[in-house]
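What the coordinates show
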Amino acid sequence: MKTKIVSFLLAASLLFSMPLPLSAAQALPAGGITTTVSDGRYIDPAWMDQAVVLSLNGQTWAMGIGMMKDYPVFLSDDGGVRQCVIGDSEVIDVFLSALNAQLKEQVFQSNAPIFDTGTGSYIYNSGQTYYQVNDNVKLWILTTLQQQFAAGEPGTLTLELTDGYLTPVVMDGTLTYSPDFVLAGTCSTGFSTSSSNRITNIEVAAGHLNNMIVMPGQEVSVSDAIKPRTTANGYKSAGAYMNGRTVPAIGGGICQVSSTVYNAVKNAGLVILERHPHSMPVHYLPLGLDAAISAGSKDLRFRNDYSAPVILQAYTEGKTLIVNCLVWNHDLNGRSFKLWSKETGSLSAKTYFTTYQDGVEVSTEYVGASYYMAPRSADSDAEEE
């Protein structure tokens, strides 16, 4: 593969090419100082001529450190050891964004193991794939620069992009998994009376969640996963709740997806981190089993505390939305779960969570209470966002 170099070294950074003055070792003021990266009194100005170089399969990308010359930096002395904190990362973000844009064009066929015990348990994702650098790259750049500015000798900083720094992204891939990933939680809700726009919104949101792999310890924000509710992302105007009334909104109806996901993942034993009831009752689930989302204020968030990844499936069949959650049978170890609610009034309910071992109830936990307001209008298409 030919070497490709994307350089962020600018001629302006050459203005800082000069011998290291004696003042570069100047003592720091008591309590530290906030200055800039190019302050030659405390940071060797020779760093302005150096670069951070990332490489992958013979390709090289370089970011000139001089690009950060005006960025704020806090320097302090901790028992004779200099400490450095960089106060801006915009150049790094732009650099990594440009790198990812190039990697996105380098598509290859893969059969990437997501989980493989070597003993018959596996999840594979096969298809057209490209790499994207992950957050570990930015963390490495910032950490290394801060350490080197504080005490290191100026020089090129290099990093080979190994697996720990890359995330494979599969386009239109095929997910395969071993039979011991079993259906642990499921929920189906109907939308037979919904408008065509609302059905589109449900299909778009479900498509973003279908075949999602949730890794051990991973937290999922449903609001983030289904992407911003904009026309550019395929969403349309449909009924949504606002202040006790039904109003048209881009993305109306997606709360049916979040509510169905809530029941499926909870029935699979995943941990719910955030859930909100709707302001008014919904028609597709009993009181206490819904989960509203609203950009910037309400979300459904959950976490996988199992030792293996879990698989989320979300799709429509006819006028029904189906969400399944598949869990490694070894993690379940004979356990099963049920989320259920009991109405305490026409506009309130209490929710419970029961755990079974080999089909026998072992515990029931109180989840919480949900309260709703009566609709202020008789709009028959009363749907939450």
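Residues numbered from 1 in each chain as written. Predicted model: local features only at pLDDT ≥ 70, side-chain atom pairs only at ≥ 80, totals over all residues. Heavy atoms only, no water.

So, helix H1 (residues 90-104)
To be explicit about the condition: Only DSSP runs of H or I with at least four residues qualify as helices, and only runs of E with at least two residues qualify as strands; both kinds are numbered from the N terminus onward. Multiplying one less than the number of residues by 1.5 Å gives the expected span of a helix. With a 1.4 Å probe rolled over the protein chains alone, any residue whose accessible area is under 20% of its type maximum counts as buried; one over 50% counts as exposed, and the rest are partly exposed. This arc corresponds to the set of directions leading from the helix axis out to the C-beta atoms. We call two residues contacting when some pair of their heavy atoms lies within 4.5 Å.
The terminal C-alpha atoms of H1 lie 21 Å apart, and with 15 residues this matches the ideal 21 Å at 1.5 Å per residue to within 8%. Every buried residue belonging to H1 is among Val91, Ile92, Phe95, Leu96, Leu99, Asn100 and Leu103, and all of these are buried. Each buried residue of H1 lies within a common arc of 165° when the element is viewed along its axis, so the set occupies one face. Buried-residue contacts for H1 involve strand E3 (51-56), strand E4 (59-64), strand E8 (122-133) and helix H2 (135-151).

Considering the environment of Thr117
For clarity, the threshold we go by: For the purposes of these results, a polar contact is taken to be a pair of N or O atoms within 3.5 Å, where, inside protein, one atom must be able to donate a hydrogen and its partner to accept one; residues adjacent in sequence count only when each atom of the pair is a side-chain atom.
Assignment of secondary structure puts Thr117 in the loop between strand E7 (108-116) and E8. When the C-alpha positions of Thr117 and Ala308 are compared, they lie 9.7 Å apart, and in sequence the two are 191 residues distant. Of the polar contacts made by the side chain of Thr117, one reaches the side chain of Thr119; its length is 2.8 Å.

Describing the packing of H1 against H2
Heads up, the condition is: Between N-to-C directions, angles span 0 to 180 degrees; the directions come from axes that are lines fitted to C-alpha atoms, helices contributing only their stretch in contact. We call two directions roughly parallel when the angle between them is under 35 degrees, roughly antiparallel when it is over 145, roughly perpendicular when it lies between 65 and 115, and oblique otherwise. By the definition used in this description, the sense in which the near helix is turned from the far one sets the handedness, with an anticlockwise turn below a right angle giving left-handed and a clockwise turn giving right-handed. Here the term charged refers only to Asp, Glu, Lys and Arg, the term nonpolar to Ala, Val, Leu, Ile, Met, Phe, Trp, Tyr, Cys and Pro, and the term polar to all other amino acids, Gly among them.
Between H1 and H2, whose axes approach to 11 Å, the crossing angle comes to 140°. Here H1 is positioned oblique relative to H2, judged by the angle of their axes. As H1 runs across H2, the sense of the crossing is right-handed. Facing H1, whose interface residues are Ile92, Asp93, Phe95 and Leu96, H2 presents Val137, Lys138, Ile141 and Leu142. Looking at the contact of H1 with H2 residue by residue, the class counts come to 6 nonpolar, no polar and 2 charged.

A look at the nonpolar core
Put simply, the rule is: The definition of a nonpolar core used throughout is a set of buried Ala, Val, Leu, Ile, Met, Phe, Trp, Tyr and Cys residues joined through side-chain atoms within 4.5 Å.
If you look at the biggest cluster of nonpolar residues, it comprises 47 residues, and the most contacted ones within it are Leu209, Val261 and Phe302. Broken down by secondary-structure element, the contributors of at least two residues to this core are helix H3 (196-209), strand E12 (212-214), helix H4 (222-225), helix H5 (254-267), strand E18 (310-317), strand E19 (320-328) and strand E20 (335-345). Broken down by element, the residue count for this core peaks at 7 residues, all from H5.

Concerning the pattern of salt bridges
The cut-off we apply is this: One speaks of a salt bridge when a side-chain nitrogen belonging to Lys or Arg is within 4 Å of a carboxyl oxygen belonging to Asp or Glu.
Tallying each qualifying case throughout the model produces 7 salt bridges. Here Lys138 makes a salt bridge to Asp93, at a shortest N to O gap of 2.8 Å. One end of the pair, Lys138, is in helix H2; the other, Asp93, is in helix H1, and 45 residues separate them in sequence. You can call Asp93 partly exposed: its relative accessible area is 34%. Notably, a salt bridge pairs Asp290 with Arg275, separated by 3.2 Å at the nearest N-O pair. Residue Asp290 is found in the loop between strand E16 (271-274) and strand E17 (301-303), and its partner Arg275 is found in the loop between E16 and E17; the two are separated by 15 residues along the sequence. You can call Asp290 buried: its relative accessible area is 1%. One continuous salt-bridge network, built from bridges that share partners, spans Glu219, Glu274 and Arg301.

As for the environment of Lys298
Here Lys298 shows up in the loop between E16 and E17. Residues Lys298 and Pro277 lie 21 residues apart in sequence; the distance between their C-alpha atoms is 9.4 Å. Non-local contacts of Lys298, meaning those with residues more than four positions away in its chain, are made with Glu274, His276, Pro277, Ala292 and Ile293.

Some words on the packing of aromatic side chains
Each aromatic ring pair is summarised here by two numbers: the centre-to-centre distance and the angle between the ring planes. The following threshold applies: Stacked, edge-to-face and tilted labels apply to pairs of Phe, Tyr and Trp rings (six-membered ring for Trp) whose centres lie within 6.5 Å, assigned for plane angles under 30 degrees, over 60, and everything in between, in that order.
Scanning the entire structure with this criterion turns up 8 aromatic pairs. Between the aromatic rings of Phe108 and Tyr131, the centroid separation amounts to 5.1 Å while the plane-to-plane angle is 45°, which identifies the pairing as tilted. Taken together, the positions of Phe108 in strand E7 and Tyr131 in strand E8 put the pair 23 residues apart, joining distant regions of the chain. Where Tyr352 meets Tyr366, the ring centres are 5.7 Å apart and the plane angle is 55°; that geometry is what we call tilted. Residue Tyr352 is found in strand E21 (residues 348-357), and its partner Tyr366 is found in strand E22 (residues 360-371); the two are separated by 14 residues along the sequence.

A look at the layout of surface pockets
Where empty space is left in the structure can be found by rolling a water-sized probe over the atoms. Applied cut-off: Using only the protein atoms, space was sampled on a 1 Å grid; points where a 1.4 Å probe fits but cannot get out form cavities, open sets with protein on both sides within 12 Å along at least five of seven lines form pockets, and lining residues are those with an atom within 4 Å of a point. Grid points are joined across faces, edges and corners, and a volume is the space filled by probe spheres set on the points.
The volume enclosed by the largest pocket comes to roughly 1,000 Å³. Asn125, Pro168, Val170, Asn211 and Ile213 are, among the 24 residues lining the largest pocket, the residues nearest its centre. Elements supplying a minimum of two residues to the lining of the largest pocket: E7, E8, strand E10 (166-177), H3 and E12. For the lining of the largest pocket, the element with the most residues is E10, which contributes 9 residues. Here the lining of the largest pocket is composed, by residue class, of 13 nonpolar, 9 polar and 2 charged.

Notes on the pairing of strand E9 (residues 157-160)
Quick note on the threshold: Strand pairing is defined by DSSP finding a minimum of two bridges between the two strands.
Side chains Leu157 and Leu159 of E9 all project onto a buried face; the interleaved residues Thr158 and Glu160 project onto a face where none is buried. With 4 bridges joining them, E3 and E9 adopt parallel strand pairing. Within E9, the position partnered with Val52 by the bridge is Leu157.

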